[in-house]
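This is what each chain is made of:
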Amino acid sequence: MRVGSFFLEASMTEEAIKSNIRTIRDWPKPGINFRDVTTLFENADCFRAVIKSLVGWARERDLNCLAGIDARGFVLAGALAYELGLPLVLVRKKGKLPAETLSENYTLEYGQATIEVHNTDTIRGQRVLVIDDLLATGGTALAAIRLMRRLGAERVDFAAIINLSELPGQQLLHEDGIHTFALCNFNESE
Ligand SMILES: O=P(O)(O)OC[C@H]1O[C@H](OP(=O)(O)OP(=O)(O)O)[C@H](O)[C@@H]1O
Ligand SMILES: Nc1ncnc2[nH]cnc12
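All residue numbers refer to positions counted from 1 along the written sequence of the respective chain. Written order decides the labels, with chains lettered from A and ligands numbered from 1. For this predicted model, a pLDDT threshold of at least 70 governs which residues receive local features, and a threshold of 80 or more governs which side-chain atom pairs are given and counted, while totals over whole chains, interfaces and linings are taken from all residues. Only hydrogens and water are set aside when side-chain values are computed; all heavy atoms of the structure are taken into account.

Novice: Sorry, what's going on with unusual backbone geometry here?
Specialist: Phi is mostly negative for residues that are not glycine, and the peptide bonds are mostly trans. Geometrically, the link from Trp 27 to Pro 28 is a cis peptide bond, its omega value of 5° lying close to zero. A run of H or I in DSSP becomes a helix once it reaches four residues, and a run of E becomes a strand once it reaches two; helices and strands are each numbered from the N terminus. Within the secondary structure layout, Pro 28 lies in the loop between β2 (22–25) and β3 (33–36). A cis amide bond links Asp 70 to the next residue, Ala 71, at an omega of 5°. Among the structural elements, Ala 71 can be located in the loop between β4 (65–69) and α4 (72–84). In this structure, Asp 26 is a non-glycine residue whose phi angle is positive, near 60°.

Novice: Just checking my understanding: could you explain the pattern of salt bridges for this structure?
Specialist: Oppositely charged side chains are able to pair whenever their charged atoms sit close together. Salt bridge criterion: a side-chain nitrogen from Lys or Arg within 4 Å of a carboxyl oxygen from Asp or Glu. If you walk through the whole model with that rule in mind, you get eleven salt bridges. Connected via shared salt-bridge partners are Glu 15, Lys 18 and Glu 190.

Novice: Sorry, what's going on with the environment of Leu 84 here?
Specialist: Inspection of the secondary structure puts Leu 84 in helix α4. The sequence separation of Leu 84 and Leu 63 amounts to 21 residues, and the corresponding C-alpha distance is 9.2 Å.

Novice: Just checking my understanding: could you explain the side chain of Thr 180 for this structure?
Specialist: Looking at the secondary structure, you find Thr 180 in strand β10 (residues 179–186). For Thr 180, a relative accessible area of 6% gives the class buried. Here the term buried applies to any residue with accessible area under 20% of the maximum for its type, exposed to any over 50%, and partly exposed to those in between, with areas from a 1.4 Å probe on protein chains only.

Now the structure itself:
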C-alpha cells in the first residue's frame, strides 16, 4: 500500500491529518478504538487537503468511474467525483436502494453486514476507484470490490483516509491484486 504523504501539501503532514481524527475508546464495543473522521470533516482546511491528496493520487491512476461506500465514504466520494468529473456509483447498506440490486455479505471488526449496489451499466469495462474513510479488516472494501467485479469492472482500486495497520485489510487487498492508497496509518496503541 502506498501511504499518501507524498501527495500531501507541506502544511498537512500525515501526523497533522491524524491529529484531526478523534479516537473514541471502547466504542461501539469494548476493545475497539473507534477512529472518528467527523472531527476531520469539521476542519475545512484539513478536509480540503485530504481531498486534494486523494485527487492527486486518483489522477495518476487513469480512472473512469468512482464508487463510494455508505456512509462516511460518501463524503469523500462526492467531493472526488466533482473534482475529477467522473461518474459516481453508491454502494449502500442493505435495503436503501430503490431499484434492482446486487448484494454481498461481509464481516466487520464489530459484526456482520450486507452491502448493495444498483444493477447499473456504469461500471462495465471501467477502471473503478472504490472510496471509503477507513480500511480495517477489509471486509467492507472486499465486498464492494466483489460488487464492482460482478458489474463488469475492468480494474478496481481502493482509497481511504485511514488504514488500521494491525488489521488484515491492507494485506488482503494486496493479495487480491487491488492497488490501495491511504493517507495515514493507526496502530492499536495510538
Ligand atoms: O475494513 P472493515 O473491517 O470492513 O471496516 C471498515 C468499514 O467500517 C466502517 O463503516 P461502518 O460499517 O461502521 O459504517 P458507517 O460508515 O455507516 O458508520 C468504515 O466506514 C468502513 O466502511
Ligand atoms: N476502529 C474503527 N474505527 C472506525 N471505523 C471502523 N470501522 C471498522 N473499524 C473501525
